[in-house]
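# Residue-level structural notes
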Amino acid sequence: MLRRGFITLLGSAAAAWPLAARAQQPMPVIGYLSSGSPESDDFRLTAFRQGLNETGYVEDQNVVIEYRWAQGQNDRLPALAADLVRRQVTG
(Lines give C-alpha, C1' and ligand atoms only; values in the text may rest on other atoms or scores of the structure.)
Protein backbone atom coordinates (compact mmCIF):
# COMPACT_ATOMS: atom_id res chain seq x y z
CA MET A 1 0.00 0.00 0.00
CA LEU A 2 2.85 2.38 0.78
CA ARG A 3 4.32 1.76 -2.65
CA ARG A 4 1.02 2.58 -4.37
CA GLY A 5 0.77 5.88 -2.46
CA PHE A 6 4.33 6.79 -3.42
CA ILE A 7 3.69 6.04 -7.10
CA THR A 8 0.50 8.15 -6.99
CA LEU A 9 2.38 11.02 -5.37
CA LEU A 10 5.18 10.74 -7.92
CA GLY A 11 2.69 10.69 -10.81
CA SER A 12 0.86 13.74 -9.44
CA ALA A 13 4.12 15.66 -9.08
CA ALA A 14 5.12 14.79 -12.64
CA ALA A 15 1.74 15.94 -13.96
CA ALA A 16 1.97 19.24 -12.03
CA TRP A 17 5.55 19.98 -13.14
CA PRO A 18 4.62 21.60 -16.51
CA LEU A 19 2.00 23.76 -14.77
CA ALA A 20 4.52 25.00 -12.22
CA ALA A 21 7.08 25.72 -14.94
CA ARG A 22 4.51 27.68 -16.95
CA ALA A 23 3.47 29.69 -13.89
CA GLN A 24 7.07 30.82 -13.37
CA GLN A 25 7.43 32.27 -16.87
CA PRO A 26 7.35 36.06 -16.88
CA MET A 27 4.35 37.77 -18.40
CA PRO A 28 4.83 39.53 -21.73
CA VAL A 29 5.29 43.29 -21.44
CA ILE A 30 3.74 45.72 -23.92
CA GLY A 31 4.94 49.30 -24.16
CA TYR A 32 2.35 52.03 -24.71
CA LEU A 33 3.89 55.35 -25.72
CA SER A 34 1.72 58.42 -26.20
CA SER A 35 2.28 62.10 -26.80
CA GLY A 36 -0.89 62.73 -24.79
CA SER A 37 -2.10 61.85 -21.32
CA PRO A 38 -4.20 59.03 -19.87
CA GLU A 39 -7.20 61.35 -20.00
CA SER A 40 -6.69 62.38 -23.63
CA ASP A 41 -6.11 58.75 -24.69
CA ASP A 42 -9.03 57.29 -22.76
CA PHE A 43 -10.93 56.15 -25.89
CA ARG A 44 -7.74 54.69 -27.41
CA LEU A 45 -6.91 52.82 -24.20
CA THR A 46 -10.42 51.39 -24.02
CA ALA A 47 -10.15 50.10 -27.60
CA PHE A 48 -6.60 48.86 -27.00
CA ARG A 49 -7.59 46.87 -23.92
CA GLN A 50 -10.69 45.53 -25.68
CA GLY A 51 -8.53 44.31 -28.57
CA LEU A 52 -6.16 42.63 -26.13
CA ASN A 53 -9.10 40.97 -24.36
CA GLU A 54 -10.46 39.68 -27.66
CA THR A 55 -7.14 37.93 -28.29
CA GLY A 56 -7.04 36.43 -24.80
CA TYR A 57 -4.86 38.97 -22.99
CA VAL A 58 -6.01 40.63 -19.79
CA GLU A 59 -3.91 43.39 -18.24
CA ASP A 60 -2.18 42.30 -15.02
CA GLN A 61 -3.42 38.72 -15.43
CA ASN A 62 -1.38 37.47 -18.38
CA VAL A 63 0.17 40.64 -19.83
CA VAL A 64 1.79 43.75 -18.36
CA ILE A 65 1.42 47.13 -20.02
CA GLU A 66 4.06 49.80 -19.40
CA TYR A 67 2.62 53.26 -20.06
CA ARG A 68 4.67 56.33 -20.93
CA TRP A 69 3.00 59.72 -21.36
CA ALA A 70 4.60 62.82 -22.89
CA GLN A 71 1.72 65.03 -21.68
CA GLY A 72 1.82 67.12 -24.86
CA GLN A 73 5.58 67.64 -24.68
CA ASN A 74 6.71 65.83 -27.82
CA ASP A 75 10.37 66.52 -27.07
CA ARG A 76 10.03 63.96 -24.24
CA LEU A 77 9.07 61.13 -26.63
CA PRO A 78 12.66 59.96 -27.41
CA ALA A 79 13.52 59.66 -23.70
CA LEU A 80 10.25 57.86 -22.96
CA ALA A 81 10.83 55.46 -25.86
CA ALA A 82 14.37 54.80 -24.61
CA ASP A 83 12.93 54.04 -21.18
CA LEU A 84 10.64 51.42 -22.70
CA VAL A 85 13.59 49.92 -24.57
CA ARG A 86 15.53 49.66 -21.31
CA ARG A 87 12.48 48.01 -19.76
CA GLN A 88 12.73 45.44 -22.59
CA VAL A 89 9.09 45.44 -23.57
CA THR A 90 8.08 42.58 -25.80
CA GLY A 91 5.46 44.34 -27.87
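So, here is what we can say about the structure in this document. What you see is a predicted model, and the numbers here were worked out from it, not measured in a lab.

### A closer look at the packing of aromatic side chains
Per the counting criterion, the structure on display carries 4 aromatic pairs. Ring geometry for tyrosine 32 versus tryptophan 69: centroids 5.5 Å apart, planes at 50 degrees, classification tilted. Here tyrosine 32 is found in strand S1 (residues 29-34), whereas its partner tryptophan 69 is found in strand S2 (residues 64-69), with 37 residues between them in sequence. A residue is classified by how much of its surface remains accessible, and tyrosine 32, at 12% relative accessible area, is buried. Note on tryptophan 69: relative accessible area 15%, which makes it buried.

### Section: the nonpolar core
With 8 residues, the main nonpolar core is built from Ile30, Tyr32, Leu45, Leu52, Val63, Ile65, Tyr67 and Trp69. Those elements that place two or more of their residues in this core are S1, helix H2 (42-54) and S2. A total of 3 residues in this core trace back to one element, the largest contributor, which is S2. Once residues within four sequence positions are removed from consideration, tyrosine 32 is found in contact with Asp41, Arg44, Leu45, Phe48, Ile65, Glu66, Tyr67, Arg68, Trp69 and Leu84.

### What about the pairing of S2?
Counting buried residues along S2, 6 of its 6 residues qualify, which places the element largely inside the surrounding structure. Neither face of S2 is left uncovered, since the one carrying Val64, Glu66 and Arg68 and the one carrying Ile65, Tyr67 and Trp69 both have all their residues buried. The pairing of S1 with S2 spans 6 bridges and is parallel. Residue pairing across strands places leucine 33 opposite arginine 68, the latter belonging to S2. For the handedness criterion, the β-α-β arrangement of S1, H2 and S2 is classed as right-handed.

### Some details on the environment of valine 85
Tracing the backbone shows valine 85 in helix H3 (residues 77-87). For the pair valine 85 and glycine 31, spaced 54 residues apart in sequence, the C-alpha to C-alpha distance is 8.7 Å.

### Here we look at unusual backbone geometry
Phi at aspartate 60 takes a positive value of approximately 70 degrees, unusual for a residue other than glycine. For aspartate 60, a relative accessible area of 57% gives the class exposed. At glutamine 71, a residue that is not glycine, the phi angle is positive and equals roughly 55 degrees. Along the chain, glutamine 71 falls in the loop between S2 and H3.

What counts, and at which threshold
- Residues numbered from 1 in each chain as written.
- Predicted model: local features only at pLDDT ≥ 70, side-chain atom pairs only at ≥ 80, totals over all residues.
- Heavy atoms only, no water.
- Phe/Tyr/Trp six-rings, centres within 6.5 Å; stacked < 30°, edge-to-face > 60°.
- Helix = DSSP H or I, 4+ residues; strand = E, 2+ residues; numbered from the N terminus.
- Buried < 20%, exposed > 50% of the residue type's maximum accessible area, 1.4 Å probe, protein only.
- Core = buried A, V, L, I, M, F, W, Y, C linked by side-chain atoms within 4.5 Å.
- Contact = heavy atoms within 4.5 Å.
- Pairing = 2+ DSSP bridges.
- Right-handed = clockwise from strand over helix to strand, strands pointing away.

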